[in-house]
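Structural characterization, general
Spelled out, the chains give:
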There are 2 protein chains.
Amino acid sequence: MPRTTLTSAQIVDAAVGLLDAEGLEGLNMRALGKQLGSAATAVYWHVGSKENLIALAADQVWHEIPLPDLAVVDWRTAATRLATDLHTMLTRHPWLVQAFGSLPLFGPGKARHDDHSLAIHEAAGFTGGQADQAAATVFTFVLGNALGPAAADSLARRLGRAGDDAAEAMRDSTAKAHEIAARFPRLRARLETAAAGHGAAPDNSFQFGLQTVLDGLEARLAAARP
Amino acid sequence: MPRTTLTSAQIVDAAVGLLDAEGLEGLNMRALGKQLGSAATAVYWHVGSKENLIALAADQVWHEIPLPDLAVVDWRTAATRLATDLHTMLTRHPWLVQAFGSLPLFGPGKARHDDHSLAIHEAAGFTGGQADQAAATVFTFVLGNALGPAAADSLARRLGRAGDDAAEAMRDSTAKAHEIAARFPRLRARLETAAAGHGAAPDNSFQFGLQTVLDGLEARLAAARP
DNA sequence: CTACGACTTGCACAGTGTTCAAGAAAGGAC
DNA sequence: GTCCTTTCTTGAACACTGTGCAAGTCGTAG
């Protein structure tokens, strides 16, 4: 072998690091090669293609989220923890949600999560396909919630790279958005009270939505039981 | 002026058509130019950049979704209709959700929708920031729900373009997913019953989740009223 | 020592978004 | 009519992307 041989794990780790630092569109094979101290094309022997590499990186980060033990907490706190940890994981890796829209991302890491989520909702009292739909509902909400921030992140990173007028372009963009929103009565009112009250923390919005979804699931359970 | 002058509306329409037909990664400026009968670079005079073009196309399709009249239906059916129409719109234009993860997409079209959604949730009884969070919750769910299908669509389109072994690669991919899922007890059980019962229609899953979210919102309303 | 298989490298190609100087066509001013 | 300006289009470039390919390098088994 040559002096040092690349391993798939090394490559995937470097890819995750680069994706976290530069975003999805900041990842390119030459930069990855430079980070690994190898030629860009050396990666291809191990992972086959860029899409495959992203799939591997994407599945890797699923293992970051801990699985709550159903023997010690009830289903609702378990569901809350799983969803919240998923949410912070998606916040840490905004590129995941972007990749989710373009590639089929299903590997052992996601399977591990999905299986446990299913277990939680079965423990709640859902049976058969209902458990699947219940799990899908909260998962879908968490995923959708990460979509907006991912876009903001992507934009900020792209502008941050672009030298001087980054902040100006950013301000232009939001100013334009406000100008549009101000033409609609309710949106304008929301903007005003948000500006006055320093705005609701965006994480509050996540918890509100999550608890609402769980409330809805409990309502369905209560309706099924006499 | 030259014989025929391009208009922004023409360009945006052609872009939407191309995006619908070829997907987000199928859109490129030379193809767009060919469709318009112009040079690829002629577009730049009108829209500035590809990102801007996508933003314009994205905002355009928001106008496809009708706004339910609160004077004739109660808030819950209004919310259901708005969410369902948003869902079918996102199904018709799967590239929108993908773009949502990479670009800040906020224009008059989305503002029109957001404003009405806010109105619906204010009519439900939510006040101030609560209405905002309630609207965001159901919007977020619908958005997240469109993310999986978008990926499947994107993959299918990419493979469909690739000649012969498209179906084979698709089957390989799902087979691998099943193989992984089968290693987890609950996922395996779900696969088996799904195969036996022809699977729950995916649109059932959307309605289940949507009604669950609305149930959760109603629970919150009931808890606030004495 | 030789041969093989595991890896790596540099080169090249096709395709991408975008810039830029140069042009073409219309509409007015005189 | 001529001339100028403004609006729009064009084709040729440039830098960058993912990736295929032939050639290479190296450890190791025989």
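What comes next concerns the included structure. The structure displayed is predicted, hence computed values, not measured ones. (Residues numbered from 1 in each chain as written. Chains lettered and ligands numbered in written order. Predicted model: local features only at pLDDT ≥ 70, side-chain atom pairs only at ≥ 80, totals over all residues. Heavy atoms only, no water.)

In this complex, chain B contributes 60 residues to the contact, which on the side of chain A involves 60 residues. Of the roughly 4900 Å² buried at the junction of chain B and chain A (both faces included), carbon and sulfur atoms supply 66%. For chain B, the biggest contributors to the area lost against chain A are B:Arg186, B:Arg190 and B:Phe208; these three give 14% of the whole. Our count for the contact surface shared by chain B and chain A stands at eight salt bridges. (Contact = heavy atoms within 4.5 Å. Buried area = accessible area lost by both parts, 1.4 Å probe. Salt bridge = Lys/Arg side-chain N within 4 Å of Asp/Glu carboxyl O.)

Turning to the relation of the copies chain B and chain A, a few remarks are in order. With an axial shift of 0.0 Å and an RMSD of 0.1 Å, the rotation relating chain B to chain A amounts to 180°. The two molecules are tied by a two-fold rotation axis, judged by turn and shift. Same-surface contact between copies: 98% of interface residues of chain B are shared with the interface of chain A. (Least-squares fit on C-alpha atoms with pLDDT ≥ 70 in both.)

Quick look at the environment of A:Leu155 now. Along the chain, A:Leu155 falls in helix H8 (residues 129-161). Note on A:Leu155: relative accessible area 11%, which makes it buried. Here the alpha-carbon distance between A:Leu155 and A:Ser117, two residues 38 residues apart in the chain, equals 32 Å. Apart from the residues within four sequence positions on either side, A:Leu155 is in contact with A:Met170 and B:Pro104. (Helix = DSSP H or I, 4+ residues; strand = E, 2+ residues; numbered from the N terminus. Buried < 20%, exposed > 50% of the residue type's maximum accessible area, 1.4 Å probe, protein only.)

With that settled, consider the packing of helix H7 (residues 108-124) of chain A against helix H11 (residues 185-196) of chain B. Closest axis-to-axis distance for the H7(A)/H11(B) pair is 8 Å, and the angle between their directions is 80°. In terms of orientation, H7(A) lies roughly perpendicular with respect to H11(B). Here H7(A) contributes A:Ala111, A:Asp114, A:Asp115, A:Leu118, A:Ala119 and A:Glu122 to the contact with H11(B), which in turn contributes B:Pro185, B:Arg186, B:Leu187 and B:Arg190. Counted by class, the contact of H7(A) with H11(B) contains five nonpolar, no polar and five charged residues. (Axes fitted to C-alpha atoms, helices over the stretch in contact; angles between N-to-C directions. Parallel < 35°, antiparallel > 145°, perpendicular 65-115°, else oblique. Nonpolar A, V, L, I, M, F, W, Y, C, P; charged D, E, K, R; others polar.)

Summed over the entire model, instances satisfying the criterion amount to 20 salt bridges over all chains. For B:Glu122, the salt bridge identified is with A:Arg190, shortest N-O distance 3.8 Å. A residue pair is termed interchain when its members come from two chains, as with B:Glu122 in helix H7 (residues 108-124) and A:Arg190 in helix H10 (residues 185-196). For B:Glu122, a relative accessible area of 30% gives the class partly exposed. For A:Arg190, a relative accessible area of 12% gives the class buried.

This part takes up the nonpolar core. One finds A:Leu96 and B:Leu96 to be the most contacted residues of the largest nonpolar core, which totals 129 residues. At 10 residues, the largest contribution of residues to this core is made by H8(A). Counting the residues that make up this core, at least three belong to each of domain 1 (8-61) and domain 2 (65-226) of chain B. The residues contacting A:Leu96, other than those within four sequence positions of it, are A:Ala58, A:Val61, A:Trp62, A:Met89, A:Leu90 and A:Leu105. (Core = buried A, V, L, I, M, F, W, Y, C linked by side-chain atoms within 4.5 Å. Domains from an automatic or database assignment.)

The next subject is helix H12 (residues 202-224) of chain B. When the terminal C-alpha atoms of H12(B) are compared, their 34 Å separation across 23 residues agrees well with the 33 Å that a helix rising 1.5 Å per residue should span. Of all the residues in H12(B), the buried ones are B:Phe206, B:Phe208, B:Gly209, B:Leu210, B:Gln211, B:Thr212, B:Val213, B:Leu214, B:Asp215, B:Gly216, B:Leu217 and B:Leu221. (Expected span 1.5 Å × (residues − 1).)

Let us look at the packing of aromatic side chains. With the rule as written, the count across this model stands at six aromatic pairs over all chains. Considering the side-chain rings of B:Phe100 and B:Phe139, the 6.3 Å spacing of their centres and the 55° angle between planes classify their relative orientation as tilted. Residue B:Phe100 is found in helix H6 (residues 95-102), and its partner B:Phe139 is found in helix H8 (residues 129-145); the two are separated by 39 residues along the sequence. Taking relative accessible area as the criterion, B:Phe100 reaches 8% and is therefore assigned buried. We classify B:Phe139 as buried; its relative accessible area is 15%. Judged by centre distance (5.9 Å) and plane angle (15°), the rings of B:Phe141 and B:Phe206 are stacked. With B:Phe141 in helix H8 and B:Phe206 in helix H12, the pair connects residues that are 65 residues apart, well separated along the chain. What makes B:Phe141 buried here is its relative accessible area of 1%. A connected cluster of aromatic rings, assembled from ring pairs, spans A:Trp62, A:Phe100 and A:Phe139. A:Arg220 extends its terminal NZ or CZ atom over the ring of B:Phe208, reaching a point 5.1 Å from the ring centre. One residue, B:Lys110, lies across the ring of B:Phe139, its end atom 4.6 Å from the ring centre. (Phe/Tyr/Trp six-rings, centres within 6.5 Å; stacked < 30°, edge-to-face > 60°. Lys NZ or Arg CZ within 6 Å of the ring centre and 35° of its normal.)

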